[in-house]
Amino acid sequence: MKTTKISLLILLLSIFTFSVQSCKKATKEDNSDDTASQLQHSADESCYSNESENSLNDVNNTMSASSLGKGFKIAGATIDSVIGDKKFIITYNGNNADGSRYRTGKISVQLTTGARWRDINSVITITFIDLMIKNNYTNKSITINGTHVITNVNGGLVGLLTPGGASVIHKITGNMVIAFEDATTRTWNIFRQREILITSAGIPKVKISGFGAADGIDNIVVSGTNRAGNPFSTVISQTVVFSSNSTCFNGAWIPESGVKTHKRLTKEITATFGVDITGNPVTSGCPYGLSLIHISEP
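Fair warning: this is a prediction, and the values are worked out from it, not measured in the lab.

A. Representation of the state of the cysteines in the model. Across all of its chains, the model carries one disulfide by this definition. Paired by a disulfide, Cys248 and Cys286 hold their sulfur atoms 1.9 Å apart. Negative torsions about the S-S bond denote left-handed disulfides, and the value of about -90 degrees found for Cys248 with Cys286 makes this one left-handed. Here Cys248, found in the loop between β12 (231-243) and β13 (254-263), pairs with Cys286, found in the loop between β14 (267-275) and β15 (289-296); they are 38 residues apart in sequence, far enough to count as distant.

B. Geometry of the pattern of salt bridges. Within the structure shown, the criterion is met by 11 salt bridges. A salt bridge links Glu51 to Arg101, with the nearest nitrogen and oxygen atoms 3.0 Å apart. With a gap of 50 residues between them, Glu51 in helix α2 (residues 33-64) and Arg101 in strand β4 (residues 101-113) connect regions that are remote in the sequence. Arg101 shares its class with Glu51; the two are buried. A salt bridge links Glu268 to Lys263, with the shortest nitrogen-to-oxygen separation between them at 3.6 Å. Judged by its relative accessible area of 24%, Lys263 is partly exposed. Here the salt bridges do not stand alone but share partners, grouping Asp44, Glu181, Asp182 and Arg227 into one network.

The rules we used
- Residues numbered from 1 in each chain as written.
- Predicted model: local features only at pLDDT ≥ 70, side-chain atom pairs only at ≥ 80, totals over all residues.
- Heavy atoms only, no water.
- Disulfide = S-S within 2.5 Å.
- Helix = DSSP H or I, 4+ residues; strand = E, 2+ residues; numbered from the N terminus.
- Salt bridge = Lys/Arg side-chain N within 4 Å of Asp/Glu carboxyl O.
- Buried < 20%, exposed > 50% of the residue type's maximum accessible area, 1.4 Å probe, protein only.

Here it is as structure tokens:
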């Protein structure tokens, strides 16, 4: 009879510490090079997801401004608008607002379907051009190239959301080339849905889910090969929720709940976000960190 080995490697890290260190090389948890590779993969995917979320927030904020971003400001960046082509370009050239990340490169954003981005089923195409993000705490970086095609499923603008009101849903497909600090380059496919809302208590939230399917696996949010050259599919089995709560970590965007599973690896790894110091999901107050569980066949 085939048995399954479950290795419980709970990493209880401060959410803030994880967010600023997620691009660094993963810590080896035992003597297995394979285990170290899985932990590195989890860190890489989280790093890319976090930086992609930050970029999409910049795009949404700019799209919510009038005249395709004219007059809108992003720390460490300039915005050039091309009104006739329904297009603008964000050029990064410095640190973000809190000084934690240094960015160079460009994001080009063009309305490719629809008269206005706020209309239902309008589509924008985002092109990442040598977008390099360096973590100023760890000195580690990634560089992103590729495209995101985003559909405004239910219409509306993020900048016009109100507490307790309707949400805005964006569906994203993409093909991205990720270059890591060790010069490894990999191509990843994106199947992400973002639901953006403000709670009745005034707390902004972003709910992330996956809609990709392949090889009998559903709810895929990203797939491809990791820096070790191994194929993977990352599944969101429980919606990952980011929030910006002023009472937790000075309002930084943090994952407060949700479950991701990295499949097709030698050791399947599940990340549970928003746990307390004992590894249990937080039901009130600020989360302490996340937990990782490895499951492998002997």
